[in-house]
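For reference, the chains in residue letters:
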Amino acid sequence: MSSTPSLSAQETIDLFERYVVPNYVRFPVVLVRGEGSYVWDSDGNRYLDLFPGWGCNLLGHCPPPVVEAVRDQLSWLIHVPNTWYTEPQGRWAEALSQRSFGGQAFFCNSGTEAVEAAIKLVRLHTPKQRYKIITFEGGFHGRTLGSTTATAQPKYHEGLGPLVAGFLYAPYGDLEAVAKLIDDQTAGILVEPVQGEGGVRIPPEGFLSGLRRLADENDLVLVFDEVQTGCGRTGQWFAYQRFGVTPDVITLAKALCGGLAGGALLAKPDIASSLRPGMHAATFGGNPVAARAGLATIEMIERENLLERTRQLGALFEERLRQLQGQCEVVREVRVAGLMIGIELDVDGAPVVEDCMKRGLLVNCTQGTVIRLLPAMTLTDEQAHQGCDILADVLKAQAG
Ligand SMILES: *Cc1c(COP(=O)(O)O)cnc(C)c1O
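Anyway, here's the lowdown on the structure attached to this text. In this text the structure is predicted, and so the values were computed from the model without any measurement. (Residues numbered from 1 in each chain as written. Predicted model: local features only at pLDDT ≥ 70, side-chain atom pairs only at ≥ 80, totals over all residues. Heavy atoms only, no water.)

### A word on the overall build of the protein chain
As a reminder of what qualifies: Numbering of helices and strands starts at the N terminus; helices are DSSP runs of H or I of at least 4 residues and strands are runs of E of at least 2. The globule rule used for comparison is 2.2 Å times the number of residues to the exponent 0.38, while the radius of gyration itself is calculated over C-alpha atoms. Burial status follows relative accessibility: with a 1.4 Å probe on protein chains alone, a residue under 20% of its type maximum counts as buried, one over 50% as exposed, and anything between as partly exposed. Any pair of residues with heavy atoms lying within 4.5 Å of one another is described as a contacting pair. Shrake-Rupley sampling with a 1.4 Å probe provides the accessible areas, and residues are treated as covered by the protein chains on show and by no other component.
Of the regular secondary structure elements, the protein chain holds 13 helices and 15 strands. Whereas a compact globule of 400 residues would reach a radius of gyration of roughly 21 Å, the protein chain reaches 21 Å, a difference of no more than 12%. Once the C-alpha set of the protein chain is aligned to its principal axes, its extents read approximately 55 × 55 × 45 Å. Counting across all 400 residues of the protein chain, residues that qualify as buried make up 53%. Taking the contacts inside the protein chain whose residues are at least 6 apart along the sequence as the reference set, 71% of them involve residues at least 24 apart. Carbon and sulfur atoms make up 52% of the accessible area of the protein chain, which totals about 18,300 Å².

See the structure below:
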């Protein structure tokens, strides 16, 4: 087949009804092309995308340097197993290490895999009797069984039991509750430095540094799940840098490869050495195509000064949305960390998403009432204002 659609939208939807597992709620729209912050459907409609790729397309759709690097790599070597060395994987690990805490990388293909690797590493690194991991209510860590268990939201656990043993949950932001859960079987703490799927929840002052202190006092491994916050999303390479608290391990995926599938775990070298040959693996992990995409992503962010741009855009959104909060009674709270943006409403967010889409704007709703934006770093000021204008109109109409 070619990339230009030969089926009508309805014919494509019919294929899904017959042949695709119905585990997603989909909009009745077939997307065919993307460029930067715009995406087009099969009827030629253009949308301004403020949630490109569910946070994966942090550089926008089809960023040219990533496309070029991948094209080039495809003609050399697509995949070789990790029984061999390749220069792209080595250079990618170096690039990530140099921009973080000097850690070593384990590569995989998704966020949930990075979290699973972290769970195993925490257990393998600590003495045998220590296996418990503390995670946080409202958190999200992925959909495989370990990371689903780590995800302290009852709706994701329904019907799946028995879950993986050894996970304990504390309210996000509550250090005292964490301290009470720690005993001589505790091995680690796993936390998102800003909760994403949980509604863009920014940690209270002193929370992350408090977790660092508890981890140090009790010999625990502190893991930050930066699958959503990492790779520049909050205006620093990693969100831990924004809060000035260095964890022992971070997990990465989503934006890591400029829109291609890729995941990674970075661990301080003395902890990383607990994963020895035979203990863990990912067949496709660190393949040369993902590695070239990951390197091109880092290079583009630096060449185009996109971390600074992320902070600017975050400030622009914050100003516009705070204004809107003052004018619109359904907006309860605005939470902004770089280009991670949550607008908490007093009303159901689903109709807001629908109305925005009708007006050519793509946004997300999480937790029922939080409109979430994860815009691209390459968004223009004009596009940002356009998006805010549409959102303001839609929300004002909701308020009646
Ligand atoms: C999306 C997400 C995951 C899961 O990533 P997948 O690539 O879908 O497996 C894990 N943790 C966080 C914080 C996420 O936002």
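Next comes the rest of the description.
### Here's the deal with a nonpolar patch on the surface
The condition that has to hold: Note that patches include only residues with greater than 30% relative accessible area and no salt bridge, and the join distances are 9 Å for like charges and 5 Å for nonpolar side chains (Val, Leu, Ile, Met, Phe, Trp, Tyr). Whenever a carboxyl oxygen of Asp or Glu lies within 4 Å of a side-chain nitrogen of Lys or Arg, that contact is scored as a salt bridge.
Taken together, the side chains of L7, L15, F16, Y19 and V20 define a hydrophobic patch exposed on the protein surface, amounting to about 450 Å² of accessible area. The topology assignment puts L7 in the segment before α1 (9-19). On the basis of relative accessibility, which here comes to 38%, the residue L7 falls in the partly exposed class.

### So, the state of the cysteines
Worth spelling out the cut-off: In what follows, a disulfide is any cysteine sulfur pair within 2.5 Å.
Under the defined criterion, the tally for this structure stands at 0 disulfides. No disulfide involves C62; its sulfur sits 13 Å from the nearest other cysteine sulfur, which is in C56. You can see C231 has no disulfide; the closest cysteine sulfur is in C257, sitting 8.1 Å from it.

### Some remarks on the pattern of salt bridges
Charged atoms that come close allow side chains of opposite charge to pair. Applying the stated criterion across every chain, the model contains 19 salt bridges. Between D183 and K132 there is a salt bridge, and its shortest N-O distance comes to 2.7 Å. With a gap of 51 residues between them, D183 in the loop between α6 (175-181) and β7 (186-191) and K132 in strand β5 (residues 132-136) connect regions that are remote in the sequence. Since its relative accessible area comes to 31%, D183 is described here as partly exposed. Each of the salt bridges in this network shares a partner with another, and the network as a whole consists of R201, E333, R335 and E344.

### Points about the sheet that holds strand β9 (residues 249-252)
Just so we agree on the cut-off: Note: two strands are recorded as paired if DSSP finds a minimum of 2 bridges between them. Helix axes are fitted to C-alpha atoms over the stretch in contact, other axes to C-alpha atoms as well, and angles between N-to-C directions run from 0 to 180 degrees.
Taken together, the 7 strands give an open sheet; going across it, the order is β4-β10-β9-β8-β7-β5-β6, and neighbouring strands pair in mixed fashion. What marks the edges here is a single partner per strand, and that holds for β4 (104-108) and β6 (167-170). Along the sheet, successive strands turn relative to each other by an average axial angle of 20 degrees, direction set aside.

### Thoughts on helix α11 (residues 306-327)
The periodicity of an α-helix, 3.6 residues per turn, causes residues three or four positions apart to be oriented the same way. Our working definition: In this scheme, a helix's expected span is set at 1.5 Å multiplied by one less than its residue total.
In this model α11 runs 31 Å from its N-terminal to its C-terminal C-alpha over 22 residues, within 8% of the 32 Å that 1.5 Å per residue would give. Turning to α11, its buried residues number three or more, namely L306, L307, R309, T310, L313, G314, L316, F317, R320, L321 and L324. Where α11 is buried, its residues contact α10 (288-303), β11 (331-337), β12 (340-345), β15 (370-373) and α13 (381-399).

### Regarding the pairing of β6
Condition: Place the viewer so that the strands point away; then a crossover is right-handed whenever the path from the first strand over the helix to the second strand goes clockwise.
As judged from the 4 bridges shared by β5 and β6, these two strands associate in the parallel manner. Bridged to F136 within β6 is A170. Handedness of the β-α-β unit built from β5, helix α5 (residues 145-150) and β6 comes out right-handed.

### Some points on the layout of surface pockets
To be explicit about the condition: Points on a 1 Å grid, built from protein atoms alone, make a cavity when a 1.4 Å probe fits but cannot get out and make a pocket when they are open with protein on both sides within 12 Å along at least 5 of 7 lines; residues with an atom within 4 Å of a point are the lining residues. Grid points are joined across faces, edges and corners, and a volume is the space filled by probe spheres set on the points. Ten residue types, Ala, Val, Leu, Ile, Met, Phe, Trp, Tyr, Cys and Pro, are classed as nonpolar, four, Asp, Glu, Lys and Arg, as charged, and the remainder, Gly among them, as polar.
For the second largest pocket, the calculated volume is near 780 Å³. As for the second largest pocket, its lining consists of 30 residues, and the residues nearest its centre are N82, Q89, A105, F106 and F107. Of all the secondary structure elements, the ones that give two or more residues to the lining of the second largest pocket are α3 (87-99), β4 and β10 (263-267). Ranked by the residues each element gives to the lining of the second largest pocket, the list is headed by β4, at 4 residues. When the residues that make up the lining of the second largest pocket are grouped by side-chain class, the tally is 17 nonpolar, 12 polar and 1 charged.

### Side note on the packing of α3 against α10
Test applied: In a left-handed crossing the near helix is turned counterclockwise from the far helix by less than a right angle, and in a right-handed crossing that turn is clockwise.
The interhelical angle for the contact between α3 and α10, taken along N-to-C directions, is 40 degrees, at an axis separation of 8 Å. α3 and α10 meet at a crossing whose hand is left-handed. Judged by residue contacts, P88, Q89, R91, W92, A95, L96 and R99 of α3 engage P288, A290, A291, R292, G294, L295, I298 and E302 from α10.

### A closer look at the packing of aromatic side chains
The geometry of an aromatic ring pair is captured by two quantities: the separation of the ring centres and the angle between the planes. The cut-off we apply is this: Two rings from Phe, Tyr or Trp (for Trp, the six-membered ring) form a pair when their centres sit within 6.5 Å of each other. Planes less than 30 degrees apart are called stacked, planes more than 60 degrees apart edge-to-face, and all others tilted. Working rule: Lys NZ or Arg CZ, within 6 Å of ring centre, within 35 degrees of ring normal, means a charge sits over the ring.
Enumeration according to the criterion identifies 9 aromatic pairs in this entry. Look at Y38 and W40: their rings are 6.3 Å apart centre to centre, the planes differ by 55 degrees, and that puts the pair in the tilted class. Comparing Y38 with W40, the two get one shared label, buried. Considering the side-chain rings of F140 and Y156, the 5.6 Å spacing of their centres and the 65 degrees angle between planes classify their relative orientation as edge-to-face. Taken as a pair, F140 in the loop between β5 and α5 and Y156 in the loop between α5 and β6 lie far apart in primary sequence, 16 residues in all. Through a chain of ring-to-ring contacts, the aromatic side chains of F101, F238 and Y240 assemble into a single cluster. Here the guanidinium or amino end of R33 rests over the ring plane of W40, the centre of that ring lying 4.0 Å away.

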